[in-house]
Amino acid sequence: MKKKNAFTLAEVLITLGIIGVVAALTLPAIVQKNYEKETVARVKKAYSILQQAYLMASQKDGTPDEWGATGMYETSSHIFLANKFAPYIKITTNCVGMNNEEVKKICTAIYFDTTSYASYKIADGTTFIFRIWDGQCNGQYGSTKQLKDVCGRIMVDVNATGKPNILGKDIFNFYITKSGIYPTGTEFDRLSMKDYCTKSREWGGAYNSYYNGVACAAWVLYKENMDYLRCELDWDSGKKSCKK
């Protein structure tokens, strides 16, 4: 009679150990990639929402320099800006009018100072955060016409109060201008990827007046990846990702 082949307990344990090691090495990378894909999709969706809201608001009331906002030191101006977009966005939680602690708990764990920001959240958990800089839209942030007519910024936090709460990872920055909504970090922006969306600097770390990560939104929208977290990328390199 032939003897049946069977695995010993030791062989089974070794095999399970190898599988465990492989899983430990590969699963975090897979989870991170899936998170990044979801983040890219949310940023694109938020950008589309903002563009549509801007179009509707400007059709009704003209360009932002005609809306009557003042400057960044007027609390009412940030609320005013947020309220201009509000009728055209399906808001589920409006943090305008809440105190700082309520905003921090519900809408944004970082930009909760109600004297400087106004925010609200939509159904998928994304928070829009509004800040006016210049009601006349005279901000100068680059060489193109659009970047010479900057009124303020809108930040998109794709998971509201969820971590990591870091620019370029789950928070993305957009200019509001006289001609539309534009992501920060384009090749014409003085907030360049080389300085403010780079792996060589601490993410969220302050450099001069700005933070590393503030210039990543354009790359996410146009290249549809977040590979800048793993390698140095910029518009001059001609690369679309770390691999190509």
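Residues numbered from 1 in each chain as written. Predicted model: local features only at pLDDT ≥ 70, side-chain atom pairs only at ≥ 80, totals over all residues. Heavy atoms only, no water.

This paragraph deals with the overall build of the protein. When you go through the protein residue by residue, the secondary structure sums to 5 helices and 8 strands. Helices and strands appear in the protein in the N-to-C order α-α-β-α-β-β-β-β-β-α-β-β-α. When each of the 244 residues of the protein is scored for burial, the buried share is 44%. Sequence-distant contacts, at least 24 apart, represent 57% of the contacts inside the protein between residues at least 6 apart. (Helix = DSSP H or I, 4+ residues; strand = E, 2+ residues; numbered from the N terminus. Buried < 20%, exposed > 50% of the residue type's maximum accessible area, 1.4 Å probe, protein only. Contact = heavy atoms within 4.5 Å.)

Once that is clear, we can look at the pattern of salt bridges. When the charged atoms of two side chains lie near each other, side chains of opposite charge can form a pair. The tally for this structure, following the rule as stated, stands at 10 salt bridges. For the salt bridge of Asp227 with Lys33, the shortest nitrogen-to-oxygen distance reads 3.3 Å. Of this pair, Asp227 sits in the segment after helix 5 (217-223) while Lys33 sits in helix 1 (residues 9-61), placing them 194 residues apart in sequence. Each of Lys33, Glu36, Asp227 and Arg230 takes part in salt bridges that share partners, so that together they form one network. (Salt bridge = Lys/Arg side-chain N within 4 Å of Asp/Glu carboxyl O.)

With that settled, consider the state of the cysteines. Covalently bonding the sulfur atom of one cysteine to the sulfur atom of another cysteine gives a disulfide. A full pass over the atoms with the stated rule returns 4 disulfides. Disulfide pairing places Cys95 opposite Cys107 at an S-S distance of 2.1 Å. The chirality of the disulfide connecting Cys95 with Cys107 is right-handed, given an S-S dihedral of about 90 degrees. With Cys95 in the loop between strand 1 (91-94) and helix 3 (100-106) and Cys107 in the loop between helix 3 and strand 2 (118-122), the pair connects residues that are 12 residues apart, well separated along the chain. Using a relative accessible area of 2% as the deciding quantity, one classes Cys95 as buried. (Disulfide = S-S within 2.5 Å.)

What follows covers the side chain of Asn212. By secondary structure assignment, the location of Asn212 is in the loop between strand 8 (210-211) and helix 5. A polar atom in the side chain of Asn212 sits 3.3 Å from the backbone nitrogen of Cys197. Side-chain polar atoms of Asn212 contact the backbone oxygen of Thr198, separated by 2.9 Å. In contact with Asn212, not counting residues within four places along its chain, are Leu167, Asp195, Tyr196, Cys197, Thr198, Arg201, Glu202, Trp203, Gly204, Gly205 and Tyr207. (Polar contact = N/O pair within 3.5 Å; in protein donor to acceptor, adjacent residues only side chain to side chain.)

So, about unusual backbone geometry. Look at the link from Lys163 to Pro164: it is a cis peptide, with omega at 15 degrees. Here Pro164 lies in the loop between strand 4 (150-157) and strand 5 (171-177). Phi angles above zero are rare outside glycine, and Asn165 is one such case at about 60 degrees. Structurally, the position occupied by Asn165 is in the loop between strand 4 and strand 5.

Moving on: helix 2 (residues 75-85). Taken as a whole, helix 2 has its buried residues at Ser77, His78, Leu81, Ala82, Lys84 and Phe85. On an axial view of helix 2, the arc spanned by its buried residues comes to 155 degrees, and they lie on one face. (Arc of directions from axis to C-beta.)

Turning next to the environment of Tyr54. Mapped onto the secondary structure, Tyr54 falls in helix 1. C-alpha separation for the pair Tyr54 and Ile181, spaced 127 residues apart in sequence, amounts to 7.4 Å. What Tyr54 contacts, discounting residues up to four positions off in sequence, is Pro64, Phe85, Ile176, Thr177, Lys178, Ser179, Gly180 and Ile181. Among the polar contacts made by the side chain of Tyr54, one reaches the main-chain amide nitrogen of Ser179 at a distance of 3.5 Å.

Attention now moves to the sheet that holds strand 5. The sheet built from 6 strands is open, its strands ordered 1-2-3-4-5-6 with antiparallel pairing. Each end of this open sheet is capped by a strand with a single partner; those strands are strand 1 and strand 6 (180-183). Recorded for the sheet is a direction-independent mean angle of 30 degrees between the axes of neighbouring strands. For strand 2 and strand 3 (residues 127-132), the ladder comprises 4 bridges, and the chain directions are antiparallel. Residue pairing across strands places Tyr120 opposite Phe128, the latter belonging to strand 3. Running at roughly 130 degrees to strand 3, helix 2 makes contact with strand 2, strand 3, strand 4, strand 5 and strand 6 of the sheet. (Pairing = 2+ DSSP bridges. Axes fitted to C-alpha atoms, helices over the stretch in contact; angles between N-to-C directions.)

The biggest cluster of nonpolar side chains holds 60 residues, and the ones touching the most others in it are Phe85, Phe128, Phe172, Phe174, Ile176, Ile181 and Tyr228. Going through the elements one at a time, helix 1, helix 2, strand 2, strand 3, strand 4, strand 5, helix 4 (193-196) and helix 5 are the ones with two or more residues in this core. Beyond its immediate chain neighbours, meaning those up to four positions away, Phe174 contacts Val43, Tyr47, Gly152, Arg153, Ile154, Val156, Ile181, Tyr182, Pro183, Thr184, Ala217 and Leu221. (Core = buried A, V, L, I, M, F, W, Y, C linked by side-chain atoms within 4.5 Å.)

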